[in-house]
Amino acid sequence: MVRFFNVSFSYPRSAGVENINLYVKNGEFVFLTGPSGAGKSTVLKLIYLEEFPQRGNILLDGYNTQEITRKDIPYIRRKIGMVFQDFRLLRDRNVFENIAFALRIIGVRRSRINKRVLEILRDVGLSHKKLKMPQALSGGEQQRVAIARALVNEPFVILADEPTGNLDEENREEILALLHKINERGTSIIMATHNYEMAKKTGRRVIRIDKGKIIS
Amino acid sequence: MTWWYAVREGFANLRRARGSVWVSIITIALSLWLVGIFLIGAWNGWQVLQKLKDKLEMEVFLLDTVKVQDAYHIRKSLLKIPGVDSVKFVSKYDALQKFQKEFGENIIDILGENPLQSSFRIRLKKSFHTRVRVQKIMGQIKKLSGVEDVTYRYDLLKIIEKYLKIFFGIGISLGAIIAFISLLLISNTVRMAIVSRSEEIKVMRLLGATPQFIRRPFLVQGFYLGVFGGILSLFLLLVVIWAARHELSLQILNAREIFGFVMGWGIILGVLGSWRAIGKYLKEEI
Ligand SMILES: Nc1ncnc2c1ncn2[C@@H]1O[C@H](COP(=O)(O)OP(=O)(O)OP(=O)(O)O)[C@@H](O)[C@H]1O
Ligand SMILES: [Mg+2]
């Protein structure tokens, strides 16, 4: 569950978001749309605690931004999966290692890592590419690796910031389908995109944001 | 598990920036080497000083009027003074013979009488060779009847102490300067590792790695630099020790002490250096 109560946040020298109220239930799939600079990424940053509300507060699966300390942040992030337009994969290791990385850095045992990564690779349909380097994959495949990495910790929500922005039509559909499949298994998804039409077509809830405010 | 990660990644950091790693290791080694040499030198100087001090005697000259019987009583009183280790009587005839042996002249032929005085030669206990204590003992001796004068050779003691201090001072300041330089170089090496892994660090933060976990490989890297610097300086020191044994027959600290010192100091430098880099370039910007 992600819930915003009258959240305002602004960057030192430019507007951010103002008075955001938002409620995404567990298992929901919502789109966040709006023009460039509207504040979509800022809303996501507030959820994954890259930024903190200056007014109001956010509830995250039992955590309240008014109560958490710096020390809690890594542990909360482990329950939130992040996917970006530019994939953010590590270029010096293969697909398997990129996904395993998410487990290694939180101290999961080796045997468990192996099992879990192979499982997730199967889910995103990339078992046959596990030893390839990210650079050797297509954009769509790279994004699937990124999604696998976000998913491997079994987060309650996945935040996707323009995940199809760098992809062609075919890959875009594929990624969207993958996200739908993940959502059907119970993970909430919040996806930011400037493509209102695409969001609308899916029939899911669409939240429109402009100049830092929610307009519908 | 998480420690194993740090151990491996710390090592990977070393392989990534070999040039600066070598420079760091060599300067650590140099610093340790210098400190080690001065340590050995100072220790030997101190030993020499102790031996010289043991040899320094206090001389108590007796009045010509003192009879053998009185000399016996004076000796007894001398032995009662705290700090006095042994007392040896040298009669004026003994002194004369010694003089003749050393200079080959018969002064009785020249002067017509024996001008030398009977004396006691006193050896002090080890811990009483300080200025204050020597002065106190001399004061007590002067009060005894039959004693004309007491002498003790300070000058030699002073010279040795002075040179030892200078030597020690140079060693410490040189060691400190080089230690400081190696601290900067270590910190720079670790900084380069941090910069070259900044993408990875960003991803780690997003994926929920704790700050301690992110820092640890860099601390471990500094630790490695210290250990390798220590090992290298150990080899350099062994060369010096080997040469010293053959050429100068110096006494050397035992191997375990040197090893412990060099490794300990190396690790301190390495960890402090990386700590500095982490504090500067890996701040809490989670
Ligand atoms: N790190 C930052 N520092 C300063 N201002 C920022 C920063 N990030 C965003 N902004 C500003 O905050 C506002 C909202 O930006 P945000 O990135 O949330 O928009 P967006 O809806 O994600 O846009 P886009 O579709 O281009 O990604 C914009 O005016 C932007 O210039
Ligand atoms: Mg954005």
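Note that the structure is a prediction, hence the values are computed from the model and not measured. (Residues numbered from 1 in each chain as written. Chains lettered and ligands numbered in written order. Predicted model: local features only at pLDDT ≥ 70, side-chain atom pairs only at ≥ 80, totals over all residues. Heavy atoms only, no water.)

**Some thoughts on the overall build of chain B**
Scanning chain B for helices and strands turns up 10 helices and 4 strands. Written out in order from the N terminus, the α and β elements of chain B read α-α-β-α-β-α-α-β-α-β-α-α-α-α. Restricting the contact set of chain B to residue pairs at least 6 apart, pairs at least 24 apart contribute 83%. For chain B, the accessible surface area stands at approximately 16,400 Å², while carbon and sulfur atoms represent 64% of it. A distance of 11 Å separates the average location of the 39 positive side-chain charges in chain B from that of its 22 negative side-chain charges. (Helix = DSSP H or I, 4+ residues; strand = E, 2+ residues; numbered from the N terminus. Contact = heavy atoms within 4.5 Å. Areas by Shrake-Rupley, 256 points an atom, 1.4 Å probe, with all protein chains shown as cover. Lys, Arg positive; Asp, Glu negative; His and termini not counted. Charge placed at Lys NZ, Arg CZ, Asp CG, Glu CD.)

**What about the site of ligand 1?**
All names here are of chain A. Neighbouring ligand 1 are the residues Tyr11, Ser14, Ala15, Pro35, Ser36, Gly37, Ala38, Gly39, Lys40, Ser41, Thr42 and Lys45. One nitrogen or oxygen atom from the side chain of serine 14 is found 2.8 Å from a nitrogen atom belonging to ligand 1. One of the side-chain nitrogen or oxygen atoms of serine 41 is found 2.7 Å away from an oxygen atom of ligand 1. Relative to its unbound accessible surface of 630 Å², ligand 1 loses 62% to contact with the protein. For the shell around ligand 1, the secondary-structure elements that each account for two or more residues are β2 (14-24) and α1 (40-47). With 4 residues, α1 is the single largest residue contributor to the shell around ligand 1. Grouping the amino acids of the shell around ligand 1 by side-chain chemistry returns 4 nonpolar, 6 polar and 2 charged. (Near = heavy atom within 4 Å. Polar contact = N/O pair within 3.5 Å; in protein donor to acceptor, adjacent residues only side chain to side chain. Nonpolar A, V, L, I, M, F, W, Y, C, P; charged D, E, K, R; others polar.)

**Some points on the sheet that holds strand β3 (residues 29-33) of chain A**
Residue and element names in this part refer to chain A. The strand order across the open sheet built from 6 strands is β6-β7-β8-β3-β9-β10, with neighbouring strands paired in mixed fashion. In this open sheet, the two edge strands, each paired with only one partner strand, are β6 (80-84) and β10 (213-214). Summarising the sheet, strand β9 (residues 205-210) and β10 pair through 2 bridges and their orientation is antiparallel. The partner of isoleucine 209 across the bridge, within β10, is isoleucine 214. Its contacts with the sheet put helix α5 (residues 139-151) on β6 and β7 (157-161), and the angle it makes with β6 is roughly 165 degrees. In the packing of helix α6 (residues 169-184) onto the sheet, the strands contacted are β3, β7 and β8 (188-193), and the crossing angle to β8 comes to about 155 degrees. (Pairing = 2+ DSSP bridges. Axes fitted to C-alpha atoms, helices over the stretch in contact; angles between N-to-C directions.)

**So, the side chain of asparagine 94 of chain A**
All names here are of chain A. You can see asparagine 94 is positioned in the loop between β6 and α3 (95-104). A polar atom in the side chain of asparagine 94 sits 3.2 Å from the backbone nitrogen of phenylalanine 96. Each residue touching asparagine 94, except ones within four places of it in the same chain, is listed here: Lys130, Leu131, Lys132, Met133 and Pro134.

**Points about empty space enclosed by the protein**
To locate leftover empty space, one rolls a probe as large as a water molecule over the atoms. Tallied over the full model, the rule gives 3 cavities of 30 Å³ or more. Taken as a whole, the largest cavity holds about 100 Å³ of empty space. Forming the walls of the largest cavity are Arg77, Arg78, Ile80, Gly81, Met82, Phe84, Arg149, Ala150 and Asn153 of chain A together with Val203, Leu206 and Leu207 of chain B. Those elements that place two or more of their residues in the lining of the largest cavity are β6 and α5 of chain A together with α8 (198-206) of chain B. Examining the composition of the lining of the largest cavity, we find that 4 residues originate from one element, β6 of chain A, more than from any other. Tallied by class, residues from the lining of the largest cavity come to 7 nonpolar, 2 polar and 3 charged. (1 Å grid on protein atoms, 1.4 Å probe; cavity = no way out; pocket = protein on both sides within 12 Å on 5 of 7 lines; lining within 4 Å. Points joined across faces, edges and corners; volume = space filled by probe spheres on them.)

**With respect to the packing of α3 of chain A against helix α4 (residues 110-123) of chain A**
Packed helices, taken two at a time, are described by the angle between their axes plus the distance between the axes. Residues and elements named next belong to chain A. Two elements in contact, α3 and α4, have axes whose closest approach is 10 Å; the angle formed by their N-to-C orientations is 125 degrees. The angle between α3 and α4 falls in the class oblique. Crossing geometry of α3 relative to α4 is assigned as right-handed. For the pair α3 and α4, contact is made by Val95, Phe96, Ile99, Ala100, Leu103 and Arg104 and by Ile113, Asn114, Arg116, Val117, Leu118, Ile120 and Leu121, respectively. The class makeup of the residues in the contact of α3 with α4 is 10 nonpolar, 1 polar and 2 charged. (Parallel < 35°, antiparallel > 145°, perpendicular 65-115°, else oblique. Left-handed = near helix turned anticlockwise from the far one by under 90°.)

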